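# Coordinates in review
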Amino acid sequence: MKWWIAGAVVLVAASIVPTFLDPTGYAIRVLTLALLFAALGQAWNIVGGLANQISLGHAAFFGLGAYTSTILLINFGLSPWIGMLAGAAIAAVAAYLLSFPTMKLRGHYFALATLAFSEVLRVIAGSWTSVTGGPVGLSVPFSPDSFWLLQFKSTMPYYYIMLGALVVISGVFVWVRHSSLGYRLRALKENPEAAEVVGVNTTQVKITAAVISAALTATLGTLYAQFTYFFDPEAVFGIIPISVRAAIIAILGGAGTVVGPIIGAFLIVPMEEMANVLLSSRGAGLSQLAFGVMLIAIILIEPRGILALITNGVSRLRRRKSS
C-alpha cells in the first residue's frame, strides 16, 4: 500500500510539473525525452531485468515502430495510432521469429545475436531508399494540432502522452513480474537448469517475454517519430542511441525493478544534455567522455544500480539511528 501511495504522489507531481514550464521550452523537451527513455528502459526490463537476457537489439523493434507508422501515414494517410498498432504487431512477429535461433544462446552470445539483427535492419533501412528514404531519412508530414495525427505545436501534449506511455508500460511490467510468467522468468534468471527440472518451459517463457517487450518498444518508436518529426536509420536503429541506452538506463537504475529504469532515465538523459551544453563547445568528444566517466563511477560504486545504492544508504542511516 505504501508503494501505491508513493506512486500516486509521484504521478500527481509529474502531472503538475509542466504547468510551471514554458510549453515550447528546452526544459520540458528534456523531461519528455526522459519519460520516453524511461518507458523504453522499462520495456527492455521485461527481458533484460526479469529474465537476465541482455538484449542489444531493441533498436530493431524501436525502428520498426517508427518506420511502420510513418510510412503508413505518408503513403496511406493512416493515423499514427493505427500505425502504432501495426508496428507493434510487426515487431512482435519479428521478435517471435528471432527467438527461435537465439533463445538457446546465453550471455554475450545472445547479446551479439540481437545486436546483429538490429544492424541488419539498419542496413536495410539505409538501402531501401524507395520505401524508407534511405540515409536521408523520413519526415513526418506537418498538420495542424491533432490528437488523431499525434501532432502538436506545443511540447506539453507530448509530455503527457509520454507520461501515459510510461505508466502503461510500467503497469505491464508490474503485471508480468507478479504473474506466473514473472515467477518463471525469475526462476530462469536464477538457474535455467533448475527451472527446467521443476517444469518451466524456458524457451516458451523467453519467447513470450521477448514478444511483449518488442511490441511495447515498437509503440515507443512511433511516439518518438511523431515527437521529433524526422528520423533516419541511425536515429531509430542505432545501437548506441537506442539499444545500449535502453540497457544502460535499466541496469544503472536497477534492473528487474519497476523504479530502476525511471531513476536511470531521469539521471542519464538530463546528464547527457547537461554535458552537451557545458562541454560540447570546448572540444570534440569531451561531453561524451565526461558522461562516460560519470557512468563508470556510478557502476563501480554500486554495480546493482542506483536504487540499490539508495536502499543501502537508507539502511545504514536507520542502523546508525537505532544504535
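The following paragraphs examine the structure supplied in this document. (Residues numbered from 1 in each chain as written. Predicted model: local features only at pLDDT ≥ 70, side-chain atom pairs only at ≥ 80, totals over all residues. Heavy atoms only, no water.)

We now examine the overall build of the protein chain. When you go through the protein chain residue by residue, the secondary structure sums to 15 helices and two strands. The C-alpha atoms of the protein chain give a radius of gyration of 20 Å, which matches the 20 Å a tight globule of 323 residues would have. By its C-alpha atoms, the protein chain is 65 × 50 × 45 Å across when sized along the principal axes. Counting only residues that meet the buried cut, the protein chain has 47% of its 323 residues in that class. Long-range pairs, those at least 24 residues apart, make up 75% of the contacts in the protein chain with a sequence separation of at least 6. A total of about 15,800 Å² of accessible surface is found on the protein chain, and carbon and sulfur atoms cover 71% of it. (Helix = DSSP H or I, 4+ residues; strand = E, 2+ residues; numbered from the N terminus. Rg over C-alpha atoms; globule rule 2.2 N^0.38 Å. Buried < 20%, exposed > 50% of the residue type's maximum accessible area, 1.4 Å probe, protein only. Contact = heavy atoms within 4.5 Å. Areas by Shrake-Rupley, 256 points an atom, 1.4 Å probe, with all protein chains shown as cover.)

Together, Tyr26, Met274, Val277 and Leu278 make up a nonpolar patch on the protein surface, roughly 430 Å² of accessible area in all. No other element matches helix α13 (residues 260–279), which puts three residues into the nonpolar patch. Mapped onto the fold, Tyr26 is located in helix α2 (residues 26–48). For Tyr26, a relative accessible area of 45% translates into the label partly exposed. (Patch = residues over 30% accessible without salt bridge, like charges linked within 9 Å, V, L, I, M, F, W, Y side chains within 5 Å. Salt bridge = Lys/Arg side-chain N within 4 Å of Asp/Glu carboxyl O.)

Quick look at the nonpolar core now. Ranked by size, the top nonpolar core spans 82 residues in total, and within it Phe37, Tyr67, Leu185, Leu220, Leu223, Phe231 and Val236 carry the most contacts. Excluding residues that lie within four positions of it along the chain, Phe37 makes contacts with Pro241, Ile242, Arg245, Ile249, Ala265 and Val269. (Core = buried A, V, L, I, M, F, W, Y, C linked by side-chain atoms within 4.5 Å.)

The next subject is the layout of surface pockets. Taken as a whole, the largest pocket encloses approximately 1,100 Å³ of empty space. In this structure, the largest pocket is lined by 30 residues; those nearest its centre are Trp3, Gly7, Val258, Val259 and Ile262. Secondary-structure elements contributing two or more residues to the lining of the largest pocket are α1 (2–16), α2, α7 (156–178), α13 and α15 (306–322). Per-element tally for the lining of the largest pocket: the top contributor is α7, with ten residues. When the residues that make up the lining of the largest pocket are grouped by side-chain class, the tally is 23 nonpolar, six polar and one charged. (1 Å grid on protein atoms, 1.4 Å probe; cavity = no way out; pocket = protein on both sides within 12 Å on 5 of 7 lines; lining within 4 Å. Points joined across faces, edges and corners; volume = space filled by probe spheres on them. Nonpolar A, V, L, I, M, F, W, Y, C, P; charged D, E, K, R; others polar.)

Mapped onto the fold, Ala14 is located in helix α1. As for Ala14 and Ile90, which are separated by 76 residues in sequence, their C-alpha atoms are 32 Å apart. Dropping the residues within four chain positions of it, Ala14 is found in contact with Tyr159 and Leu163.

So, on to the side chain of Thr114. Relative to the elements of secondary structure, Thr114 occurs in helix α5 (residues 107–127). Setting aside residues no more than four positions away along its own chain, Thr114 makes contact with Ser55, Leu56 and Gly57.

One can describe the packing of helix α3 (residues 58–76) onto α5 by two numbers: an axis separation of 8 Å at closest approach and a directional angle of 30°. Judged by the angle between their axes, α3 and α5 are roughly parallel. Here Ala59, Ala60, Phe61, Leu64 and Tyr67 of α3 lie close against α5, whose contacting residues are Phe117, Ser118, Leu121 and Ala125. (Axes fitted to C-alpha atoms, helices over the stretch in contact; angles between N-to-C directions. Parallel < 35°, antiparallel > 145°, perpendicular 65-115°, else oblique.)

Looking now at α3. Between its first and last C-alpha atoms α3 spans 27 Å; for 19 residues at 1.5 Å apiece the expected length is 27 Å, and the two agree. Buried residues dominate α3, accounting for 16 of its 19 residues. Just downstream of α3 lies Gly77, where phi reads positive at about 70°. (Expected span 1.5 Å × (residues − 1).)

Turning our attention to the side chain of Thr132. Tracing the chain through its elements places Thr132 in helix α6 (residues 129–132). The class of Thr132 is buried, set by a relative accessible area of 6%. A polar atom in the side chain of Thr132 sits 2.5 Å from the backbone oxygen of Ala125. Within the local environment of Thr132, its side chain forms a polar contact with the backbone nitrogen of Gly134, the two atoms lying 3.2 Å apart. The residues touching Thr132, leaving out its near neighbours within four places in the chain, are Tyr67, Ala125, Gly137 and Leu138. (Polar contact = N/O pair within 3.5 Å; in protein donor to acceptor, adjacent residues only side chain to side chain.)

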